[in-house]
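One letter stands for each residue in the lines below.
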Amino acid sequence: MTDPTAPPLPDGIVVIVKRECETCQMVVPVLRELAASVELHVYTQDDPDFPGDPAAIPDSDLAVSWFHDIETVPTVIRSRDGAEVARTVGWAREAWEELTGVDDLGGDLPPMRPGCGSMSVDPDLVDELRVRFGRSTLSSRRIEVAAAEDEFEMMFARGWSDGLPVIPPTEQRVMAMLEGTSRAPSDIVATIPPNLDQINVEKVAISAVMAGCKPEYLPWVLTAVEAACNDEFNMHGLLATTMPVGPVVVCSGPGTRAIGMNSGGNALGQGNRANLTIGRALQLVVRNFGGGRPGEVDRAAHGNPGKLSFCFAEADDTSPYGTLAVEHGIEPGVDALTVFAGEGPQGFVDQLSREPEQLAASLAMRLQAIQHPKLILMFDAIVVMGPEHARVFADAGWDRDRILWEVALHLNQPGADLVRGAHGVAEGVPEAFADAESLPKFRPGGLMLTYAGGGAGLFSQIIAGWVNGDKGSKPVTRAVQY
Amino acid sequence: MTTILDPTSERTIVERERLARPASLEGLTVGLLDISKPRGDVFLDRIEERLVGIGATVKRYEKPTFAKPAPVDLRHEIATECQVVIEALAD
């Protein structure tokens, strides 16, 4: 026991019981036998009068049970000099005899019987106990909400909401959230723009609670915060820009299925808690910890609904061409996410192309238009290819590289078509490019492929990016740290 | 009563007073910071002409990219070399 506040165990034989447990009731005669021959200390979790004979010490606040990791009653512990030497759980005659050094225990009882769950691990109590006994690990300021005050309205009034209600981050909820990671609450995660303070795991957990996350989502949120808040991704720039971009989080790996993320029908839409709340938690971190709010440092002219949350999973278990994370150097099968500075999704409809060459040319035509057909190389894009489109390529044996290569072939335009003023349109590339024979739409690696969506519909989605590379934002991929 | 945890950074913001506005720019060094937006230089060229015309010394600076905050070294350089700074934000 490392916790200095843990109640020490008395020397001798310690037994933890509760009346509600039939096995505990069954072993009462054994406890009487032990009381006659060893230094016995019985702790009772529920009824202080149980077992009566021998008399028990009430563990009413469950401190002994909590700090000594009691998961089953009865638990029998041999203790010396305040420290545990051995333990057994449930009723097992041989184990009890060996541990206590007393022979012929419970002659009328069956040789063994499993115990019951300890109250200290009761799901209805465990969050409360975590707050009661683990308080010292949290360092955030406590804010008391007056009895007459509505906590949801109070959080709106303080500016902590993205426009939708947020869950009150009580100590119980934050402690429960922190169970989702093995990292210490005080661990520094990242430096959050625009105010550039270092955030720790605890503060990320607070935003995760407010966003509506479950504890098992927390490692994804922590990884997203790390991936977004650095010079490479440049979250500060995303905030400050007048363009309608936000961090788009693309997740992959078996962990996405373990936490119930949606990579299928409506993957980019509403209705899935993990998709929606992981992306939202990242944005709440930036808003509330970083101080990045619309109308202040966030100067977006229009914004987009994805700035509430834009997070989805790739269907990597069925993808014909792997994942974006693997394209970015992560080992296959590893849980990972990519953050991308992106706008809201825009559609690509092609219900007629059945040959891969046709579909590649068709997709290229659509991609040429992102941001502006005459602007090139400045913006990356992610294609979220639906299964029906992907199948056209997969059936022809085209892998990721082949698809990207073939699409890129159709994305080369002569400078004369792109230059400012061409086709009567002022926007375009500078005059210096007018004589270029062929100019690509995307920089190398700037067009990225992902796989998600429902099984019906010859559609894909395109997520257009912001200023790319060293001047703006680079996509950042990280393995999820648990 | 509900107790909740503060989601903010809990930092106390230090308010710094602005320097007094100079009565005249004559004889002062004015820094012109181009944030690297297209045509910001057109605007700053004209401002430079006007400032030189009223007796100011002008120094020109440029951010590596408009999409990121000015690097610390650049901010320090401007602060040590100039009394006044004008930042061009426009496209």
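Okay, the overall build of chain B next. When helices and strands are counted, chain B shows two helices and four strands. A globule of 91 residues ought to have a C-alpha radius of gyration of about 12 Å, yet chain B, at 18 Å, is considerably larger. Projecting the C-alpha coordinates of chain B onto the three principal axes gives extents of approximately 65 × 30 × 20 Å. Of the contacts made within chain B by residues no fewer than 6 positions apart, 79% connect residues no fewer than 24 positions apart.

This part takes up the overall build of chain A. On a plain count of helices and strands, chain A comes out with 17 helices and 21 strands. Against the 2.2 N^0.38 benchmark of 23 Å for 482 residues, chain A shows a C-alpha radius of gyration of 30 Å, more extended than a compact globule. Principal axes of the C-alpha set define a box for chain A whose edges measure 100 × 50 × 35 Å. Split into buried and exposed, the 482 residues of chain A put 45% on the buried side.

A few words on the interface of chain B and chain A. Taken together, the contact pairs 15 residues of chain B with 31 residues of chain A. Tallied by class, the residues present in the side of chain B that touches chain A amount to six nonpolar, five polar and four charged. Pairing of strand S10 (residues 142–145) of chain A with strand S1 (residues 2–5) of chain B involves four bridges; the strand directions are antiparallel. Note that in S1(B) the partner of A:Arg142 across the bridge is B:Leu5.

Turning next to helix H2 (residues 28–37) of chain A. Residues and elements named next belong to chain A. Taken as a whole, H2 has its buried residues at Val30, Leu31 and Leu34. On an axial view of H2, the arc spanned by its buried residues comes to 100°, and they lie on one face. The secondary structure elements touched by the buried residues of H2 are strand S1 (12–17), strand S2 (40–44) and helix H4 (93–100).

Once that is clear, we can look at unusual backbone geometry. All names here are of chain A. Between phenylalanine 50 and proline 51 the backbone carries a cis peptide bond, its omega angle lying at -5°. Positionally, proline 51 belongs in the loop between S2 and strand S3 (57–58). The phi torsion at asparagine 266 lies on the positive side, around 65°, for a residue other than glycine. Relative to the assigned elements, asparagine 266 resides in the loop between helix H11 (254–258) and helix H12 (273–289). Judged by local crowding, asparagine 266 falls into the partly exposed class, with 13 C-beta atoms found within 10 Å.

Looking now at the sheet that holds strand S2 (residues 29–34) of chain B. Residue and element names in this part refer to chain B. Across the sheet, which stays open at both edges, the three strands sit in the order S3-S2-S4 with parallel pairing between neighbours. One side of each edge strand has no neighbouring strand; the edge strands of this open sheet are strand S3 (57–62) and strand S4 (84–88). Each strand axis lies, on average, 20° off the axis of its neighbour in the sheet, ignoring direction. Where S2 lies against S4, five bridges are found, and the strand directions are parallel. Looking at the pairing, aspartate 34 lines up with alanine 88 of S4. Running over the sheet, helix H1 (residues 40–53) touches S2, S3 and S4 and is turned about 170° from S2.

Our next topic: the sheet that holds strand S5 (residues 75–80) of chain A. Residue and element names in this part refer to chain A. A sheet is described by the order of its strands in space; here five strands give the open sequence S3-S2-S1-S5-S6, paired in mixed fashion. Of all strands in the sheet, those with a lone pairing partner are S3 and strand S6 (83–89), marking the two edges. When S1 meets S2, the two strands line up parallel, connected through five bridges. Paired with valine 14 across the strands is histidine 41, a residue of S2. Contacting S1 and S2, H2 runs over the sheet at an angle of about 145° to S2. Contacts from H4 reach S1, S5 and S6 within the one sheet, and its direction differs from that of S6 by about 165°.

If you look at soluble globular proteins, the nonpolar side chains tend to sit buried side by side. Residues and elements named next belong to chain A. Ranked by size, the top nonpolar core spans 104 residues in total, and within it Ala208, Val221, Ala224, Val225 and Val249 carry the most contacts. What valine 249 contacts, discounting residues up to four positions off in sequence, is Ala224, Ile278, Gly279, Leu282, Phe310, Cys311, Leu337 and Val339. In terms of nonpolar packing, the next biggest core, distinct from the first, is built from 22 residues, Leu9, Val14, Ile16 and Cys21 among them.

All names here are of chain A. Along the chain, the position of glutamate 388 falls in helix H15 (residues 387–395). Note on glutamate 388: 17 C-beta atoms within 10 Å, which makes it partly exposed. In sequence terms glutamate 388 and leucine 458 are 70 residues apart; their C-alpha atoms lie 5.3 Å from each other.

Much of the literature gives interface size as the accessible area that the parts lose upon coming together. The domains assigned to chain A are domain 1 (12–125) and domain 2 (153–479). Placing the centre of domain 1 of chain A and that of domain 2 of chain A at their C-alpha centroids yields a distance of 55 Å.

Moving on, we come to the pairing of strand S19 (residues 447–451) of chain A. All names here are of chain A. Burial runs high along S19: five of the five residues are buried. Burial of S19 is two-sided: the residues Leu447, Leu449 and Tyr451 facing one way and the residues Met448 and Thr450 facing the other way are all buried. Sheet topology places strand S16 (residues 379–385) next to S19; five bridges connect them, and they run parallel. Across the sheet, residue valine 384 finds its bridge partner in S19, namely threonine 450.

Another point: H12(A). Residues and elements named next belong to chain A. When the terminal C-alpha atoms of H12 are compared, their 23 Å separation across 17 residues agrees well with the 24 Å that a helix rising 1.5 Å per residue should span. Where burial is concerned, most of H12 is hidden: 16 out of the 17 residues are buried. Glycine 291 sits one or two positions beyond H12 and adopts a positive phi of about 85°.

Within the secondary structure, B:Val52 is located in helix H1. The class for B:Val52 is exposed, based on 12 C-beta atoms found within 10 Å.

This next bit is on the packing of helix H8 (residues 201–211) of chain A against helix H9 (residues 218–228) of chain A. Residues and elements named next belong to chain A. At a minimum axis separation of 10 Å, H8 and H9 run at an interaxial angle of 115°. Judged on the interaxial angle alone, H9 and H8 are roughly perpendicular. As H8 runs across H9, the sense of the crossing is right-handed. Along the contact surface, H8 presents Val201, Val204, Ala205 and Ala208, while H9 presents Leu218, Val221, Leu222 and Val225. Looking at the contact of H8 with H9 residue by residue, the classes come out as eight nonpolar, no polar and no charged.

Take the confidence of the model for chain B next. Mean pLDDT over chain B works out to 90, with 98% of the residues at or above the 70 mark. Of the two predicted TM-score estimates for the complex, the pTM is 0.83 and the ipTM is 0.80.

Analysis parameters
- Residues numbered from 1 in each chain as written.
- Chains lettered and ligands numbered in written order.
- Predicted model: local features only at pLDDT ≥ 70, side-chain atom pairs only at ≥ 80, totals over all residues.
- Helix = DSSP H or I, 4+ residues; strand = E, 2+ residues; numbered from the N terminus.
- Rg over C-alpha atoms; globule rule 2.2 N^0.38 Å.
- Contact = placed C-beta atoms within 7 Å.
- Buried ≥ 20, exposed ≤ 12 C-beta atoms within 10 Å, placed from the backbone.
- Nonpolar A, V, L, I, M, F, W, Y, C, P; charged D, E, K, R; others polar.
- Pairing = 2+ DSSP bridges.
- Arc of directions from axis to C-beta.
- Axes fitted to C-alpha atoms, helices over the stretch in contact; angles between N-to-C directions.
- Core = buried A, V, L, I, M, F, W, Y, C linked by C-beta atoms within 7 Å.
- Domains from an automatic or database assignment.
- Expected span 1.5 Å × (residues − 1).
- Parallel < 35°, antiparallel > 145°, perpendicular 65-115°, else oblique.
- Left-handed = near helix turned anticlockwise from the far one by under 90°.
- pLDDT = per-residue confidence, 0-100.

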